[in-house]
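Structure at a glance
One-letter residues, chain by chain:
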Amino acid sequence: MSYLEKFTDEERHFLISLPYRTGLWVSESDDEGGDDSAEAEMQALESIITGYSEDFLKSEFVEELMRATLAHKDQWEAWRSDLATVPEDCRKAVEIVQAYLETREVLSFKQNLMEIATAVAMAYCEVEEESQAGKFAVYARHYWALFMARLRKEQEPRLEDHVNISRAEREVLGKLSGVLRIDLNGAPLDKAPVETAEVA
């Protein structure tokens, strides 16, 4: 039995839509960059969903979930509605996943949502290089450093060491951090949920 088959049809559809909706929620939180920013963030969102669907280093559940999110790309437009409910949707999703899966799979699920949100926020960050290639290089550098640190079981680099995220995006990432009870690098928070964790 696949991981997604453990859930009801309604739960499964809800979970499959959430990675995309979470990334979109972050993108819609900040309109400072205009159309260029939105386009870059949508490209980043599609890229990270595609990447996670092929990432065998993540949990099997996350890999399966992301493959399903990508397979339902024809529904992405419909998933754009009611984005204000995303924080509460994430809270409900964690409760659903906890009812069916082991603790490590639940943590991987939460980390996945946070990494998607962070990647979207980073997609149009303010960096010295003006080109899209320069902006992508900053994004890629952080995630490569994060990947290598995990592989070597070393301390993971902080997001703020590589990027400058807007205030609006910091606020939504802080809210998501509080809901998921993990920090921006995916480490569990010991304290009670907070609404506005600082990013930089």
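Presented here is a report on the structure given in the accompanying data block. The model shown is predicted, which means the values in this text are computed figures rather than measured ones.

Things to note about the overall build of the protein
Each helix and strand counted, the protein has seven helices and zero strands in total. Along the protein, helices and strands appear, N-terminal first, in the series α-α-α-α-α-α-α. Here the protein holds 200 residues, and the buried ones make up 49% of them. A fraction of 69% describes how many contacts in the protein between residues 6 or more apart in sequence connect residues 24 or more apart. As displayed, the protein offers around 10500 Å² of accessible surface, 48% of which is attributable to carbon and sulfur atoms.

Re the packing of aromatic side chains
Scanning all chains against the criterion turns up six aromatic pairs. Among the aromatic side chains, those forming a connected cluster through ring pairs are Tyr 3, Phe 7, Phe 61, Tyr 100 and Phe 109.

Re the side chain of Arg 21
Looking at the secondary structure, you find Arg 21 in helix 1 (residues 9-28). Residue classification places Arg 21 among the buried positions, given a relative accessible area of 8%. With residues up to four places along the chain from it excluded, the contact list for Arg 21 reads Trp 79, Ser 81, Asp 82, Leu 83, Thr 85, Val 86 and Asp 89.

Some thoughts on the pattern of salt bridges
It is possible for side chains of opposite charge to pair when their charged atoms get near one another. Per the stated rule, a full pass over the model turns up eight salt bridges. Notably, a salt bridge pairs Asp 89 with Arg 21, separated by 3.1 Å at the nearest N-O pair. Taken together, the residues Asp 89 in helix 4 (residues 86-100) and Arg 21 in helix 1 connect sequence positions 68 residues apart. Assigned by exposure class, Asp 89 and Arg 21 land together as buried.

Some points on unusual backbone geometry
Here Asp 82, not a glycine, exhibits a phi torsion of approximately 55°, which is positive. Checked against the element boundaries, Asp 82 lands in the loop between helix 3 (60-71) and helix 4. Residue classification places Asp 82 among the exposed positions, given a relative accessible area of 57%. Positive phi is not limited to glycine here, since Arg 181 has a value of about 60°. Structurally, Arg 181 can be placed in the segment after helix 7 (167-180). Owing to a relative accessible area of 34%, Arg 181 belongs among the partly exposed residues under this scheme.

What counts and how
Residues numbered from 1 in each chain as written. Predicted model: local features only at pLDDT ≥ 70, side-chain atom pairs only at ≥ 80, totals over all residues. Heavy atoms only, no water. Helix = DSSP H or I, 4+ residues; strand = E, 2+ residues; numbered from the N terminus. Buried < 20%, exposed > 50% of the residue type's maximum accessible area, 1.4 Å probe, protein only. Contact = heavy atoms within 4.5 Å. Areas by Shrake-Rupley, 256 points an atom, 1.4 Å probe, with all protein chains shown as cover. Phe/Tyr/Trp six-rings, centres within 6.5 Å; stacked < 30°, edge-to-face > 60°. Salt bridge = Lys/Arg side-chain N within 4 Å of Asp/Glu carboxyl O.

The quantities given are spatial measurements derived from coordinates; they are silent on function.
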